[in-house]
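Each chain is listed here by its residues.
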Amino acid sequence: MKQFLAVDIGASSGRHIVGRIENGKIVTEEVYRFPNGSKTKDGHLIWDVENLFTEVKKGIAAAVERCGQIESLSIDTWGVDYVLMRGENEIYPCYAYRDGRTENAIRKMHALVPFEALYAKTGIQFQPFNTIYQLYADQQGGRLEGATDFLMLPEYLLYKLTGRKVCEYTNATSTGLVNTKSHVYDAEIIAALGLPPHLFEKEILQPGTAVGALKKEIAEEVGCNMTAVLCATHDTASAVLAAPLRGDFCSPYISSGTWSLLGLEQPTAHTDAASRTENFSNEGGLGFTFRWQKNIMGLWMLQSARKELGLNFAEAEKLARESVCDTFVDCNDSVFLAPESMCSAVRERAGALTDGQLLRCIYDSLALCYKEALSAMEAKFERKFETLNIIGGGSQDSFLNERTAEIAGVQVIAGPAEATALGNLLVQMVAAGELSDMQEGRECIKNSFPLRTYQ
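Rules behind the numbers
Residues numbered from 1 in each chain as written. Predicted model: local features only at pLDDT ≥ 70, side-chain atom pairs only at ≥ 80, totals over all residues. Heavy atoms only, no water. Helix = DSSP H or I, 4+ residues; strand = E, 2+ residues; numbered from the N terminus. Rg over C-alpha atoms; globule rule 2.2 N^0.38 Å. Buried < 20%, exposed > 50% of the residue type's maximum accessible area, 1.4 Å probe, protein only. Contact = heavy atoms within 4.5 Å. Areas by Shrake-Rupley, 256 points an atom, 1.4 Å probe, with all protein chains shown as cover. Lys, Arg positive; Asp, Glu negative; His and termini not counted. Charge placed at Lys NZ, Arg CZ, Asp CG, Glu CD. Pairing = 2+ DSSP bridges. Axes fitted to C-alpha atoms, helices over the stretch in contact; angles between N-to-C directions. Salt bridge = Lys/Arg side-chain N within 4 Å of Asp/Glu carboxyl O. 1 Å grid on protein atoms, 1.4 Å probe; cavity = no way out; pocket = protein on both sides within 12 Å on 5 of 7 lines; lining within 4 Å. Points joined across faces, edges and corners; volume = space filled by probe spheres on them. Nonpolar A, V, L, I, M, F, W, Y, C, P; charged D, E, K, R; others polar. Core = buried A, V, L, I, M, F, W, Y, C linked by side-chain atoms within 4.5 Å.

## Description of the overall build of the protein chain
Thought 1: Of the regular secondary structure elements, the protein chain holds 17 helices and 21 strands.
Thought 2: In summary, the protein chain has a C-alpha radius of gyration of 21 Å against a globular reference of 23 Å for 455 residues, a match within 12%.
Thought 3: Among the 455 residues that make up the protein chain, the fraction classed as buried is 59%.
Thought 4: Restricting the contact set of the protein chain to residue pairs at least 6 apart, pairs at least 24 apart contribute 72%.
Thought 5: Taken as a whole, the protein chain presents about 17400 Å² of accessible surface, with 48% of it coming from carbon and sulfur.
Thought 6: Between the averaged position of the 43 positive side-chain charges in the protein chain and that of its 58 negative side-chain charges there is a distance of 1 Å.

So, in structure tokens, the structure goes:
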């Protein structure tokens, strides 16, 4: 039977998961895991991409050693971040999206192209770390001089494995530079910002496209050759592909991890004023579909607070369950993006809280943010959503699922937890002919992984 390898890298950890189909079910095995995180250098937050590539290779070797021949592999990561190239050489550093270096660039850029005009063309919500602002900051700082390419992080890692530089659709849309109608980089925006046009000349490819075989030296290092394939390289896009949604384009999801991405799959982008005002994004999906969704701060707040309080997951959840707090905070407040102290940032907004009240405040505030986003979606489509499918690692947080069901007034369907890796694998399986299409893949997921329901 054919085996496939998903390399799924998040902002805090990466994992290598081998998948195959047995008796109509998808069987997965985690073969390698490694820590990840941004580092501070010269006052900036950066990614150690050299170490990332080393860990990717180690994981591939571990997969071959444990499972034998691998048919293909693909890599997904978070969106917006990239590596600049000068020919075959990297232009360091690779900045992390939480760095905050775009603050001055945003103001200058919007003087050239107002956000309303950007949104009308690209449908991408405002976030201070969007690729477009990072690239404009690079241009203002002279970093684009001599640059021949910019590669989103997964495509950069695939390039290091295969020697081929490519551009994948779902991740390209996260840049805030792709036109929702033409599905290519918007030449008018690029010209208005004075960005080098040659950086945007690559064809934007759909998930399922083969990148190529591993370079000879890489194949020898990891123990066998295999084909690299483009999955939906933006991790949220991969996760949503694995969501066991009810019906076509009509069931809301939350891809729950460091960020909570709440939205709907849609056949077309929504770039109307209401969507812009509510800060909904239109990120690309498989087959030029869109994920009309909203970024909510997500588990980052809980992870940061737990770490600061010296509590593990179970201890923090127990403390939150036992506490009562009637105060809420706006989880999308920029103060929570990269504070020196998450606990201090929450108390600054919510007042003097005990540790238990602080954790309960975060749980309930996240659930309230979900409710508000759902209400905006219901107003947009003039319908009531009865269910909410929570996928990804955050789907395992029972207390957050319970609070979401109660506060948002929906039935929460939780799972699968490894949705991103599963979406990565499904694309490879369809490309290899193991599955007829993505719908068959979603049915396999429903049959393979138990879901949990919260009323």
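We are not done yet, so read on.
## So, the sheet that holds strand β21 (residues 452-454)
Thought 1: Across the sheet, which stays open at both edges, the 7 strands sit in the order β17-β18-β16-β15-β19-β20-β21 with mixed pairing between neighbours. Lying at the two open borders of the sheet, with one neighbouring strand each, are β17 (281-284) and β21. Sheet twist, expressed as the mean angle between neighbouring strand axes with direction ignored, is 30°.
Thought 2: Relative to strand β19 (residues 387-391), strand β15 (residues 253-256) runs parallel, the two being bridged by 3 bridges. Looking at β19, one finds that Ile-254 is bridged to Ile-390.

## Thoughts on the pattern of salt bridges
Thought 1: On inspection of all chains with the given rule, the structure shows 30 salt bridges.
Thought 2: A salt bridge links Asp-333 to Arg-349, with the shortest nitrogen-to-oxygen separation between them at 2.8 Å. Note that Asp-333 is positioned in the loop between α12 (313-321) and α13 (342-350) and Arg-349 in helix α13, a separation of 16 residues in sequence.
Thought 3: The class of Arg-349 is partly exposed, set by a relative accessible area of 40%.
Thought 4: Ionic contacts of the salt-bridge type, sharing partners, join the residues Glu-88, Asp-149, Lys-165 and Lys-202 into one network.

## Considering the layout of surface pockets
Rolled over the atoms, a probe as big as a water molecule pinpoints where empty space is left.
Thought 1: Approximately 1000 Å³ is the volume attributed to the largest pocket.
Thought 2: Lining the largest pocket we find 46 residues, and of these Asp-235, Ser-256, Gly-257, Thr-258 and Trp-259 sit closest to its centre.
Thought 3: For the lining of the largest pocket, the secondary structure elements donating two or more residues are β1 (4-9), β2 (13-22), α9 (235-241), β15, β17, β18 (290-296), α11 (300-309) and α16 (419-431).
Thought 4: Examining the composition of the lining of the largest pocket, we find that 3 residues originate from one element, α11, more than from any other.
Thought 5: Looking at the lining of the largest pocket, its residues break down into 15 nonpolar, 23 polar and 8 charged.
Thought 6: What the second largest pocket holds in volume is close to 550 Å³.
Thought 7: If you go around the second largest pocket, you meet 22 residues; those closest to its centre are Ser-38, Arg-98, Trp-300, Ser-304 and Lys-307.
Thought 8: Among the elements of the structure, β5 (44-47) and α11 are those that each provide at least two residues to the lining of the second largest pocket.

## Structural notes on the pairing of β17
Thought 1: With burial as the criterion, each face of β17 is covered, one bearing Ser-281 and Glu-283 and the other bearing Asn-282 and Gly-284.
Thought 2: Pairing of β17 with β18 involves 4 bridges; the strand directions are antiparallel. Bridging from a neighbouring strand, Gly-284 pairs with Phe-290 of β18.
Thought 3: Between β17 and the antiparallel strand that follows it, β18, lie 5 residues; Gly-287 among them carries a positive phi value of about 70°.

## What about empty space enclosed by the protein?
Thought 1: Under the counting rule described, the total for this entry stands at 3 cavities of 30 Å³ or more.
Thought 2: Roughly 70 Å³ of volume is contained in the largest cavity.
Thought 3: In terms of lining, the largest cavity is formed by Phe-150, Leu-151, Met-152, Glu-155, Val-166, Cys-167, Tyr-185, Leu-199 and Lys-202.
Thought 4: Here the lining of the largest cavity gets 3 residues from one element, more than from any other, and that element is strand β10 (residues 149-152).
Thought 5: Of the volumes computed, that of the second largest cavity is approximately 60 Å³.
Thought 6: Taken together, Phe-115, Leu-118, Tyr-119, Thr-122, Ile-124, Asn-130, Ile-132, Tyr-133 and Gly-176 form the lining of the second largest cavity.
Thought 7: Put simply, the parts of the chain that give the lining of the second largest cavity at least two residues each are α3 (115-122) and α4 (131-140).
Thought 8: The dominant element in the lining of the second largest cavity, judged by the number of residues it contributes, is α3, at 4 residues.
Thought 9: Each residue belonging to the lining of the second largest cavity can be placed in one class, and the counts come to 6 nonpolar, 3 polar and no charged.

## Some remarks on the nonpolar core
Thought 1: Of all hydrophobic cores here, the largest spans 126 residues; its most connected members are Leu-73, Tyr-185 and Val-346.
Thought 2: When residues in this core are grouped by element, the largest group, 12 residues, is from helix α14 (residues 355-381).
Thought 3: Dropping the residues within four chain positions of it, Val-346 is found in contact with Met-301, Val-329, Phe-336, Gly-351, Leu-358, Cys-361 and Ile-362.
Thought 4: In this structure, Ala-6, Tyr-253, Met-429 and Ile-445 belong to the second largest nonpolar core, which totals 27 residues.

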